[in-house]
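Descriptive analysis of the structure
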Amino acid sequence: MSDFNEVVSRRKFLQGSFAIGIGAFAAATIPSKAIGFGSDFNGISFTPLAANSKDTITVPKGFSWHTVAAWGDPLWSGAPEFDQQTRGTGESQELSFGDNNDGMSLFEVNGKSVLAVNNEYCNRKIIYGNRASGLPETPDDVRKGMAAHGVSIFEVAQKGRKWEIVKDSLYNRKITADTKVAIDGPAAGHPLLKTDEDQTGKLARGTFNNCGNGRTPWGTYLACEENFHGYFSSPSDPNANLSADLKRYGVKTKDWGYNWVMNQDRFDVVKNPNEINRHGYITEIDPSKPQSMPRKQTAMGRFKHENCEVVVSKNGQVVAYMGDDERGEHLYKFVSKGKYIKGAASNYDLLTEGDLFVAIFNENGTGRWVNLKESGMSDSDISIFTRMAATQVGATTMDRPEWVAANPNKVEAYCALTNNKNRGVKPNQPVNAVNPRVENPYGQIVRWTPDNNEHAADGFKWDLFAMAGNPVVGEGLMKGSENITKDNMFNSPDGIAFDSKGNLWIQTDGKYTNQGAFEGMGNNQMLCANPRTGKIDRFLVGPKECEITGITWSSDKKTMFVGVQHPGENNPDKCHFPDGGSSVPRSAIVAISRNDGKTIG
Ligand code: FEO
Ligand code: CA
Ligand code: CA
Ligand code: CA
């Protein structure tokens, strides 16, 4: 049976009389002529790795890796080294690299290499592994947890061939769940953002659960708040009937076990209902000015932000693509009102004013960006209740939009849709051409080309660059697209980024059982893809139970920095990355380089 027939019959089987057009077929599979049989990517070649389930990093022959920074490593000389027994205190954590590093960017500032890194959340089982409950039990435990979140900024330098933290650099900085952050854009000053702590509605306290990231052409870092709801609870009224607004953002009467409300009652949504409206945004940080106050850019919307891919459109407007990572949520784009002018001070305000759009994917491979103003909601309401505005305008519900990456060689962008067990199950998430699999366990990567080669344009054409799957044990669509083979299969693409030469790097956050539907995939990994040919090869395999997420390069492109998040998340006793022996598993940033000293992206 040809793939075309297989796809069609699979869909008919899944959906009865679902009518599928030839356009949708073209969009949902990779034309065989696009599959590359050449060996090289752009400026890099390597022998692809086999999958494995080892407790270490594996890279191809001719490449080396070493650890640059791990959770709890001190950023200042006054702080103690990581303590394997206590796993740190509130005070030590405030002076050390946070937990669960995710998105990151390296900035060159006055000749120094400065890394800005999200510390998304805490592995409570690990960070509180010194407590029988595996949870914070004292106010200092909570202080430690809050300090393990946020953004760590620190200088790195090479000693010999190894990169390390430069302690006490004037650029070293911790932005945590307790740091003062300005609120900018349409929601600033809104009554719903006024709290006991700040009567102006223009100041937030803290940024947390920053997942992916972005960077701007004017040298700022963008931290993207994702699962901000998991920190709120209502101990003052355990049976509170929460509002529809709170429910749409996933808030419950109990938090995820962080217990921040033990120290600060702003995390009680009944006592302080507006506190949560100060979170869920993108925070812009200037790593070159350690004294500058970060700014939450509310014009870019409030949802469970994944990353933020910033490009300058042909006409000079700045376009920022953003996913909302939740089953059945949406893909967004912000278009600045002003235009980018190289070197201009006005660039620093480009993200405070503009229009927010949400994507509708048609079955025939076309799509359009709908301005959320069409919801009829005010600019400030769109900024605070972005999800509701998107529903109003009929946005396509997606299979969990994770990172977006824009091709530096071509006007096109890609988004990783990681997986979605609700696809074809919940009424608002029917199977469609861009989300073609029922209970999608593997994920796919969608690609779009804006009309007129203008990222700011309303219209686009799209196709699926890759549909992850298992061609060995899968049937029909579960095999994945043609560029997925027994040798490169993976599941749950999450972090994606282009290097400067135009290779697309794909990082995974999926099932690592290596059994059943996931047999042959091994641990989470990083792959390299050629956007022109569709070829995908496995470049790196991570340690046990980790996610690979976050990628950036040194200024000379001879080092690639990659993030290893939550190694040993479920069975911390069986994972000892990166220190080995019987050590506590720690999230870490590793540096990867070529043994011949040439560039790597
Ligand atoms: Fe924090 Fe959507 O991953
Ligand atoms: Ca993550
Ligand atoms: Ca992610
Ligand atoms: Ca993920």
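Residues numbered from 1 in each chain as written. Chains lettered and ligands numbered in written order. Predicted model: local features only at pLDDT ≥ 70, side-chain atom pairs only at ≥ 80, totals over all residues. Heavy atoms only, no water.

Re the layout of surface pockets
If you add up the space inside the second largest pocket, you get close to 790 Å³. When the residues that make up the lining of the second largest pocket are grouped by side-chain class, the tally is 19 nonpolar, twelve polar and six charged. (1 Å grid on protein atoms, 1.4 Å probe; cavity = no way out; pocket = protein on both sides within 12 Å on 5 of 7 lines; lining within 4 Å. Points joined across faces, edges and corners; volume = space filled by probe spheres on them. Nonpolar A, V, L, I, M, F, W, Y, C, P; charged D, E, K, R; others polar.)

Some words on the sheet that holds strand E15 (residues 331-339)
Ordered by their spatial adjacency, nine strands build an open sheet running E13-E14-E15-E16-E17-E21-E20-E19-E18, and the pairing between neighbours is antiparallel. Pairing within the sheet leaves two strands with one partner each, and these edge strands are strand E13 (309-312) and strand E18 (401-406). Averaged over all pairs of adjacent strands, the angle between strand axes in this sheet comes to 30°, irrespective of strand direction. Examined bridge by bridge, strand E14 (residues 317-323) and E15 share six bridges and lie antiparallel to one another. What sits directly across from Tyr321, in E15, is Lys333. (Pairing = 2+ DSSP bridges. Helix = DSSP H or I, 4+ residues; strand = E, 2+ residues; numbered from the N terminus. Axes fitted to C-alpha atoms, helices over the stretch in contact; angles between N-to-C directions.)

Observations concerning the coordination of the calcium ion (ligand 2)
Each protein donor to the calcium ion (ligand 2) is listed here as Asp102 (OD), Glu120 (OE), Glu547 (OE), Glu547 (OE) and Gln565 (OE1); together their distances run 2.4 to 3.0 Å. Sequence spacing of the donors to the calcium ion (ligand 2): D-x17-E-x426-E-x17-Q. (Donors = N, O, S within 2.8 Å, 3.2 Å for Na, K, Ca; no water.)

Considerations on the coordination of the calcium ion (ligand 3)
Surrounding the calcium ion (ligand 3) are the protein donor atoms Cys211 (SG), Glu306 (OE), Glu402 (OE), Asp494 (OD) and Asp494 (OD), which sit 2.3 to 3.1 Å from the metal. Geometry at the calcium ion (ligand 3) is irregular, judged from the six donor atoms that bind it and their angles of 51 to 158° at the metal. Metal-to-metal, the separation of the calcium ion (ligand 3) and the calcium ion (ligand 2) is 3.9 Å. Residue Glu306 is found in the loop between strand E12 (295-297) and E13, and its partner Asp494 is found in strand E22 (residues 493-498); the two are separated by 188 residues along the sequence. (Tetrahedral: all angles 85-135°; square planar, octahedral: opposite > 155°, others 65-115°.)

Some points on the side chain of His190
Along the polypeptide, His190 turns up in the loop between strand E7 (180-184) and strand E8 (203-205). Relative accessible area serves as the criterion here: at 16%, His190 is assigned to the buried category. Setting aside chain neighbours within four positions, we find His190 in contact with Gly201, Ser380, Asp381 and Ile384. (Buried < 20%, exposed > 50% of the residue type's maximum accessible area, 1.4 Å probe, protein only. Contact = heavy atoms within 4.5 Å.)

Quick look at a positive patch on the surface
Residues Arg327, Lys421, Lys426 and Lys511 make up a contiguous surface patch of positive charge. Mapped onto the elements of the fold, Lys421 is located in the loop between strand E19 (413-417) and strand E20 (444-450). (Patch = residues over 30% accessible without salt bridge, like charges linked within 9 Å, V, L, I, M, F, W, Y side chains within 5 Å. Areas by Shrake-Rupley, 256 points an atom, 1.4 Å probe, with all protein chains shown as cover. Salt bridge = Lys/Arg side-chain N within 4 Å of Asp/Glu carboxyl O. Lys, Arg positive; Asp, Glu negative; His and termini not counted. Charge placed at Lys NZ, Arg CZ, Asp CG, Glu CD.)

Considerations on the nonpolar core
Trp260, Cys308, Met322 and Leu372 are the most contacted members of the largest nonpolar core, which totals 63 residues. If we ignore the near neighbours within four places in the chain, the residues touching Cys308 are Asn213, Gly214, Arg215, Leu222, Cys224, Ile282, Met300, Ala320, Tyr321 and Met322. Ranked by size, the runner-up nonpolar core spans 26 residues in total, among them Phe63, Cys528, Phe539 and Ile592. (Core = buried A, V, L, I, M, F, W, Y, C linked by side-chain atoms within 4.5 Å.)

A look at helix H5 (residues 139-148)
Within H5, seven of the ten residues are buried, which leaves it mostly tucked inside the rest of the structure. Among the residues of H5, Asp141, Val142, Lys144, Gly145, Met146, Ala147 and Ala148 are the ones counted as buried. Note on H5: the residue one or two positions beyond its end, Gly150, has a positive phi of about 115°.

Things to note about the confidence of the model for the protein
The predicted coordinates ought not to be read in detail in places where the model reports low pLDDT. Looking at the protein as a whole, the pLDDT averages 94, with 94% of positions reaching at least 70. Within the model, pLDDT remains below 50 along residues 1-39, and this stretch shows 58 contacts once partners closer than five positions in the same chain are excluded. (pLDDT = per-residue confidence, 0-100.)

Observations concerning the sheet that holds strand E10 (residues 221-225)
Within the open sheet, the six strands sit side by side as E8-E7-E12-E11-E10-E9. Their pairing is mixed. Every other strand in the sheet has two partners, leaving E8 and strand E9 (210-215) as the edge strands with one partner each. Looking at each pair of strands side by side, their axes are set apart by 35° on average, direction ignored. Alignment of E7 against E12, held across three bridges, turns out to be parallel. Its bridge partner being in E12, Ala182 is matched across the sheet by Arg295.

Focus on the pattern of salt bridges
Inspection of the entire model under this criterion finds 35 salt bridges. The closest approach of N and O atoms between Arg278 and Glu197, which form a salt bridge, is 2.8 Å. With a gap of 81 residues between them, Arg278 in the loop between helix H6 (244-248) and strand E11 (282-285) and Glu197 in the loop between E7 and E8 connect regions that are remote in the sequence. Accessibility expressed as a relative area gives 43% for Glu197, which makes it partly exposed.

What to know about unusual backbone geometry
It is generally the case that most residues other than glycine have a negative phi and that most peptide bonds are trans. Following Phe577, the chain continues into Pro578 via a peptide bond in cis, with omega recorded as 0°. For Pro578, the location among the structural elements is in the loop between strand E27 (559-565) and strand E28 (588-594). A positive phi angle, close to 50°, is found at Glu439, a residue other than glycine. Within the element layout of this structure, Glu439 appears in the loop between E19 and E20. With relative accessibility at 46%, the residue Glu439 sits in the partly exposed group.

Digging into the packing of aromatic side chains
Evaluation of the coordinates by the stated rule reveals 31 aromatic pairs. The interplanar angle of 70° and the centroid separation of 5.3 Å between the aromatic rings of Phe361 and Phe460 together place this pair among those described as edge-to-face. Here Phe361 is found in strand E16 (residues 354-361), whereas its partner Phe460 is found in strand E21 (residues 459-467), with 99 residues between them in sequence. On the basis of relative accessible area, Phe460 is assigned to the buried category, the value being 1%. (Phe/Tyr/Trp six-rings, centres within 6.5 Å; stacked < 30°, edge-to-face > 60°.)

Some remarks on the side chain of Asn491
If you trace the backbone, Asn491 turns up in the loop between E21 and E22. Side-chain polar atoms of Asn491 contact the side chain of Ser492, separated by 3.0 Å. There is a polar contact of 2.9 Å between the side chain of Asn491 and the backbone nitrogen of Lys511. Non-local contacts of Asn491, meaning those with residues more than four positions away in its chain, are made with Pro441, Tyr442, Ala468, Thr508, Asp509, Gly510, Lys511, Phe518, Met521 and Asn524. (Polar contact = N/O pair within 3.5 Å; in protein donor to acceptor, adjacent residues only side chain to side chain.)

Here's the deal with the environment of Gly580
Looking at where Gly580 falls in the secondary structure, it is placed in the loop between E27 and E28. For Gly580 and Val358, which are 222 residues apart along the polypeptide, the C-alpha to C-alpha distance reads 46 Å.

What about the pairing of E10?
With five of its five residues buried, E10 lies for the most part within the structure. Judged by which residues are buried, E10 turns out to be covered on both faces: Tyr221, Ala223 and Glu225 on one side and Leu222 and Cys224 on the other are all buried. In this structure, E9 lies alongside E10, joined through four bridges in antiparallel fashion. Bridge assignment links Asn213 to a residue of E10, and that residue is Ala223. Here E9 folds back onto E10, and the loop between the two strands holds five residues, one of which, Gly219, carries a positive phi near 90°. As paired elements, E10 and E11 share four bridges and run antiparallel to each other. Within E11, the residue paired with Cys224 across the bridge is Ile282.

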